[in-house]
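Structural overview for review
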Amino acid sequence: MAMLRHSILTFGLMAGAIGLATPALAKKPSAGPAIEMSDSFRAAAQAADSAIKAGDSATAQARISGLMPVSDFEAYVAAGLRFELAVLKIDRQAQRVALNDMFKTSSVPKTDMPRLRYIAGYLSYIVGNYDDATAQLDYAKTLGYDPIDATMLRADIALRRKCWRGSERRDSRFRRPGMTGRSPWPIRPGTGRRSDRFIASG
């Protein structure tokens, strides 16, 4: 149930993040880094954005692959479009990579950064990278974004790690002398080889 709740709440956050690149194509924000975008790049980005909105992932992929950003803002827009496409394709790993590319630019609006860091943490959690998930959630917290869902994610990560440690202890407790990590079969004393009765089936 907790997992479902996280998914629902995060989808709302992602939906807000999807439009990050699109408004930038239309007008300059009142504050933030200068927009440097060539007419050709703007046209190509708008075409990719239209394909994404139409649900045409193949066309969007082709348009985005053809983008050649030369400024920091163009790199930000291109990463934002890759994120949108990944959301359309429900590709969590690609979403996380696209966010990383956005973070490499200096054009992410400061007001969006806390929420995006939280989303990055959530995506890392989904793909099983718990160290990065914790780091991103902590980063979002330092930026003032620490919703109850972040607390629940941290608790779930801690529980999973605790279960893993317990499983490792159980495995080591049941491992018998003379057993290797490569083979589960007993070793014949004094030979370093598996017992004869296991060789045929091993």
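Every residue gets a number counted from 1 within its own chain, in the order that chain's sequence is written. In view of the model being predicted, local features appear only for residues whose pLDDT reaches at least 70, and side-chain atom pairs are presented and counted only at 80 or more, with totals across whole chains, interfaces and linings using the full set of residues. Values reported for side chains reflect all heavy atoms of the structure, with hydrogen atoms and water molecules removed beforehand.

**Comments concerning the side chain of E74**
Each helix corresponds to a stretch of at least 4 residues labelled H or I by DSSP, and each strand to a stretch of at least 2 residues labelled E; elements are numbered beginning at the N terminus. For E74, the location among the structural elements is in helix α5 (residues 72-88). Only protein chains enter the calculation, and the probe is 1.4 Å; a residue is then buried if its accessible area is under 20% of its type maximum, exposed if over 50%, and partly exposed in between. Within this scheme the basic residues Lys and Arg register as positive and the acidic residues Asp and Glu register as negative, but His and the chain ends are omitted. For this analysis, a salt bridge means a side-chain nitrogen from Lys or Arg found within 4 Å of a carboxyl oxygen belonging to Asp or Glu. Among buried charged residues, E74 stands out as having no salt bridge; its nearest opposite-charge side chain is R42, 8.1 Å away. Pairing of N or O atoms within 3.5 Å defines a polar contact, subject to two protein rules: one partner must be a possible hydrogen donor and the other a possible acceptor, and residues neighboring in sequence count only if both atoms are side-chain atoms. Among the polar contacts listed, one links the side chain of E74 to the backbone nitrogen of S38, at a separation of 2.9 Å. Two residues qualify as a contact provided that any one of their heavy atoms is within 4.5 Å of a heavy atom in the partner residue. Beyond its immediate stretch of four places on either side in the chain, E74 contacts E36, M37, S38, F41, M68 and P69.

**Here's the deal with the nonpolar core**
In this structure, V77, L81 and L99 are the most contacted members of the largest nonpolar core, which totals 38 residues. Broken down by element, this core gets its largest block of residues, nine residues, from α5. Each residue touching L99, except ones within four places of it in the same chain, is listed here: F83, L116, I119, A120 and L123. We define the nonpolar core as a collection of buried residues of types Ala, Val, Leu, Ile, Met, Phe, Trp, Tyr and Cys that are connected through side-chain atoms lying within 4.5 Å of one another.

**Things to note about the packing of helix α4 (residues 57-65) against α5**
Helices that pack against each other are described as a pair by the angle of their axes relative to one another and the distance between those axes. To get an axis, a line is fitted to the C-alpha atoms, and for a helix only the part in contact is used. The angle between two axes follows their N-to-C directions and goes from 0 to 180 degrees. Across the interface, α4 lies against α5 with an axial gap of 11 Å and an inter-helix angle of 160°. The angle between α4 and α5 places the two elements in the roughly antiparallel class. The element α4 and its partner α5 pack so that their crossing is left-handed. Residues S57, A60, Q61 and I64 of α4 lie in contact with α5, whose contacting residues are L81, R82, L85 and L88. Lys, Arg, Asp and Glu make up the charged group, whereas Ala, Val, Leu, Ile, Met, Phe, Trp, Tyr, Cys and Pro make up the nonpolar group; the residues left over, Gly among them, are polar. A per-class count over the contact of α4 with α5 returns five nonpolar, two polar and one charged. For classification purposes, angles smaller than 35 degrees are called roughly parallel, those larger than 145 roughly antiparallel, those between 65 and 115 roughly perpendicular, and all remaining angles oblique. If you view the pair so one helix is near and one far, a crossing is left-handed when the near helix is turned anticlockwise from the far one by less than a right angle, and right-handed when it is turned clockwise.

**Topic: the environment of M68**
Mapped onto the elements of the fold, M68 is located in the loop between α4 and α5. Look at M68 and you get exposed, because its relative accessible area is 64%. Note: C-alpha distance between M68 and S40 (28 residues apart in sequence) is 9.8 Å. Excluding anything up to four places from it in sequence, M68 contacts F41 and E74.

**Topic: helix α8 (residues 130-142)**
Across its 13 residues, α8 extends 18 Å between first and last C-alpha, which sits within 8% of the 18 Å expected from 1.5 Å per residue. For α8, the full list of buried residues reads Y130, D132, A133, Q136, L137 and A140. Buried residues of α8, viewed axially, fall in a sector of 155°; they line one side. The exposed set on the far side of α8, more than 90 degrees from its buried face, consists of D131 and T142. Note on α8: the residue one or two positions beyond its end, G144, has a positive phi of about 95°. By definition here, a helix of n residues has an expected span of 1.5 Å times n minus one. This arc is built from the directions going out from the helix axis to the C-beta atoms.

**Let's talk about helix α6 (residues 92-103)**
Here α6 spans 17 Å end to end across 12 residues, near enough to the 16 Å set by a 1.5 Å rise per residue. Taken together, the buried positions of α6 are Q95, R96, A98, L99, M102 and F103. Seen end-on, α6 carries its buried residues on one side only, within an arc spanning 160°.

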